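# Fold and geometry: a report
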Amino acid sequence: MLELRPNCENCDKDLPPDAADACICTYECTFCRQCVESILENVCPNCGGNFCPRPIRPVTARRKGVSLEHHPAGTHRKHTPYSEAEIRTFSAAAKHLPPRKR
């Protein structure tokens, strides 16, 4: 089950389950689109992978037991352990590579 993290791990912006600007990497690291584009440069500071829009979990159970009510969003806030300078250096080394070659 995809973990819907409640915040941007960089700027701590709230990212509720229906946030259209939430982005995730393959390890479910979660950042807002502003940070992904302006600071991270589409390079996850934790794994080096790229980002995709985070899916929005349905509020209404159109199938029995399958909805936000049955599988709620996470509440544990996470924060990247890296400084902005470390993130920029890391991103600069990988951003020129296509995600499939990182």
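Residues numbered from 1 in each chain as written. Predicted model: local features only at pLDDT ≥ 70, side-chain atom pairs only at ≥ 80, totals over all residues. Heavy atoms only, no water.

### Some thoughts on helix 2 (residues 84-94)
Buried within helix 2 we find Ile87, Ser91 and Ala94. Along the long axis of helix 2, the arc covered by the buried residues comes to 70 degrees, so they all point the same way. Structural note: helix 2 exposes Ala85, Thr89 and Ala93 on the side pointing more than 90 degrees away from its buried face. At its buried positions, helix 2 is contacted by helix 1 (33-40). (Buried < 20%, exposed > 50% of the residue type's maximum accessible area, 1.4 Å probe, protein only. Helix = DSSP H or I, 4+ residues; strand = E, 2+ residues; numbered from the N terminus. Arc of directions from axis to C-beta. Contact = heavy atoms within 4.5 Å.)

### So, the nonpolar core
Generally speaking, nonpolar side chains in soluble globular proteins are found buried as a group. Within the largest apolar cluster, 16 residues are counted, with the highest numbers of intra-cluster contacts made by Cys8, Leu15, Phe31, Val36, Leu40 and Phe51. If you list the elements that add at least two residues to this core, you get strand 1 (22-24), strand 2 (30-32) and helix 1. With four residues, helix 1 is the largest single contributor of residues to this core. Dropping the residues within four chain positions of it, Phe31 is found in contact with Cys8, Glu9, Asn10, Leu15, Asp21, Ala22, Cys23, Val36, Leu40, Pro45, Asn46 and Phe51. (Core = buried A, V, L, I, M, F, W, Y, C linked by side-chain atoms within 4.5 Å.)

### Considering the side chain of Arg5
Take Arg5: it is sitting in the segment before strand 1. There is a polar contact of 3.2 Å between the side chain of Arg5 and the backbone oxygen of Glu28. The residues contacting Arg5, other than those within four sequence positions of it, are Leu15, Tyr27, Glu28, Cys29, Thr30, Arg54 and Lys78. (Polar contact = N/O pair within 3.5 Å; in protein donor to acceptor, adjacent residues only side chain to side chain.)

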